[in-house]
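Fold and geometry: a report
The chain contents come next:
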Amino acid sequence: MGNIKETVINRVIVEMQQWIETKVLKRLEEAIRSALYGCKVEEEGTELSTCMDDNMYILQVFAANKKLEGRKEISIMQYVRHAKNFLDDIDKNYRNVTKDDVKVYLARYSQNHKPNTVSNMKQFLSSFFTWLHDEGYITANPVRSIKGIRPVEVRNKAMTVEEELAVRDAAGKRSARDRAIIDVLLSTGMRVSEIQRINRTDVDLDDSSITFLGAKNGRYRTVYLDPRARKHLFEYLKERSDACEALFATENKYGETCGIEPKRMSKEEYEHVAKQTGKSAGIDRACTVHVYRKTFATRLADRECPLQTIQELMGHADAGTTAKNYVAKSKARTKKACEKYLFVA
């Protein structure tokens, strides 16, 4: 187990994480560490130590540390949920988990889940136990030496050029709002959680740009509207007379006299618009907002846009993520690159 000083700091952070934002939480941790620097902290009894070893408590500490790292709440909940499910299933204290426990659990898990889901589960457990080991709570990481569980390459589900054109045509038959949503998604590659939070004030139509706080890295990012997206967004905003600050608002289907004021669209409503438009275009798979995002990245790559620029527009911290998971492979693109860069001596 970690030393008593670390235990005290973690207890305070766990207690305060629900009351204060991440930046303040980090400052609080720094202040406590500074105040305790050079001090010897001793435990008065054994009852506290017994409480500290509880699985639920250590999961709370783990969650608090993830928050200090700047992880989003939804990601933290995912990490904690999977770690808790594992500990509940094997019915052991986290300090007594062995490599065999993890292997047996993953083997059972693989019977009802696809290889990539099993690989993700291993990553969740690895993150938890690596943290436990790095913080001194356990002496050995039971996940570190487990081999042979790797993700399987999945075909990128980006739309083809023909499918994209069909989607744009189908969007043209929908409302001004839906038409603008589809064009903005294809022009910017925004995540559903990002477009859902955009306000009208975030848009600069003169510059054909939208600036917002990224959903994953917490940094401001600027994306750009192509002429079609700019035109349709301008037409949509021009016809609105409501006071809702959201870029896209719910539509009043009951007439203006019903007294229902438009409000910010939910993520589910964005997904509904995206999927329904894809269905109307005759595409036989679900065209989620994520598919539009992958289509955006793939189309940029097809036009020889530098990977670093695509990474920046997508809001990825690592260009490898962009290249591996978002840019669909293309024989035509590869052949074109070879024709451009290969030569006979």
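A brief look at the structure comes next.

Notes on the sheet that holds strand β1 (residues 203-204)
A sheet is described by the order of its strands in space; here 3 strands give the open sequence β1-β2-β3, paired in antiparallel fashion. The strands lining the two open edges of the sheet, one partner per strand, are β1 and β3 (220-224). Here β1 pairs with strand β2 (residues 209-213) via 2 bridges, running antiparallel. Within β2, the position partnered with Val203 by the bridge is Ile210.

So, the packing of aromatic side chains
All chains considered together, the criterion is met by 11 aromatic pairs. Aromatic side chains Phe62 and Phe128 sit 5.1 Å apart centroid to centroid with 75 degrees between the ring planes, which places their arrangement in the edge-to-face category. Note that Phe62 is positioned in helix α4 (residues 55-68) and Phe128 in helix α7 (residues 115-134), a separation of 66 residues in sequence. In this pair, the class of Phe62 matches that of Phe128, namely buried. Within the aromatic cluster, the residues linked to one another by ring pairs are Phe62, Tyr79, Phe86, Tyr105, Tyr109, Phe124, Phe128, Phe129, Trp131 and Tyr137. The ring of Tyr79 is capped by Lys66, whose NZ or CZ atom sits 4.6 Å from the centre of that ring.

Details of the pairing of β3
Because side chains alternate across β3, one face comprises the buried residues Arg221 and Val223, and the other comprises Tyr220, Thr222 and Tyr224, none of which is buried. One ladder, built from 5 bridges, connects β2 with β3; its direction is antiparallel. Looking across to β3, one finds that Leu213 is bridged to Tyr220.

Some remarks on the nonpolar core
Counting residues in hydrophobic clusters, the biggest one holds 39 residues, and the most contacted among them are Phe86, Val102, Leu125, Phe128, Phe129 and Leu132. Broken down by secondary-structure element, the contributors of at least two residues to this core are α1 (4-16), α2 (22-36), α4, α5 (73-90), α6 (99-110) and α7. Non-local contacts of Phe86, meaning those with residues more than four positions away in its chain, are made with Val97, Asp101, Val102, Tyr105, Leu125 and Phe129. Counting residues in each nonpolar core, the second largest holds 37 residues, with Ala180, Ile182, Leu186 and Val291 among its members.

Considerations on the side chain of Asp101
Considering the arrangement of structural elements, one finds Asp101 in helix α6. A distance of 2.8 Å separates a polar atom in the side chain of Asp101 from a polar atom in the side chain of Lys92. Other than its neighbours up to four places away in sequence, Asp101 contacts Phe86, Ile90, Lys92 and Asn96.

Section: α1
Relative to the 18 Å expected for 13 residues at 1.5 Å per residue, α1 spans 19 Å between its end C-alpha atoms, a close match to the ideal helical length. Of all the positions in α1, only Glu6, Thr7, Ile9, Asn10, Ile13 and Val14 are classed as buried. All buried residues of α1 lie within an arc of 165 degrees about the axis, which places them on one face of the element.

Digging into the environment of Ala171
With respect to the secondary-structure elements, Ala171 resides in helix α8 (residues 161-171). Residue classification places Ala171 among the buried positions, given a relative accessible area of 0%.

A look at unusual backbone geometry
Positive phi, normally seen in glycine, also occurs at Ser208, with a value near 55 degrees. Within the secondary structure, Ser208 sits in the loop between β1 and β2. Here Glu304, not a glycine, exhibits a phi torsion of approximately 65 degrees, which is positive. Note on placement: Glu304 falls in the loop between α13 (289-302) and α14 (307-314).

Considering the side chain of Glu194
On the secondary structure map, Glu194 appears in helix α10 (residues 192-195). Once you skip the residues sitting within four places of it in the chain, Glu194 turns out to touch Phe212, Gly214, Ala215 and Arg221.

Some details on the environment of Phe248
When you line up the elements, Phe248 lands in the loop between α11 (227-239) and α12 (267-280). Overall, Phe248 belongs to the buried group, its relative accessible area being 0%. Between the C-alpha atoms of Phe248 and Pro262, which are 14 residues apart in sequence, the distance is 9.4 Å. Among residues more than four places away in sequence, those in contact with Phe248 are Arg177, Ala180, Ile181, Val184, Ile195, Leu233, Tyr236, Arg240, Lys263, Arg264, Met265 and Tyr270.

Each value, and the rule that gives it
Residues numbered from 1 in each chain as written. Predicted model: local features only at pLDDT ≥ 70, side-chain atom pairs only at ≥ 80, totals over all residues. Heavy atoms only, no water. Pairing = 2+ DSSP bridges. Helix = DSSP H or I, 4+ residues; strand = E, 2+ residues; numbered from the N terminus. Phe/Tyr/Trp six-rings, centres within 6.5 Å; stacked < 30°, edge-to-face > 60°. Buried < 20%, exposed > 50% of the residue type's maximum accessible area, 1.4 Å probe, protein only. Lys NZ or Arg CZ within 6 Å of the ring centre and 35° of its normal. Core = buried A, V, L, I, M, F, W, Y, C linked by side-chain atoms within 4.5 Å. Contact = heavy atoms within 4.5 Å. Polar contact = N/O pair within 3.5 Å; in protein donor to acceptor, adjacent residues only side chain to side chain. Expected span 1.5 Å × (residues − 1). Arc of directions from axis to C-beta.

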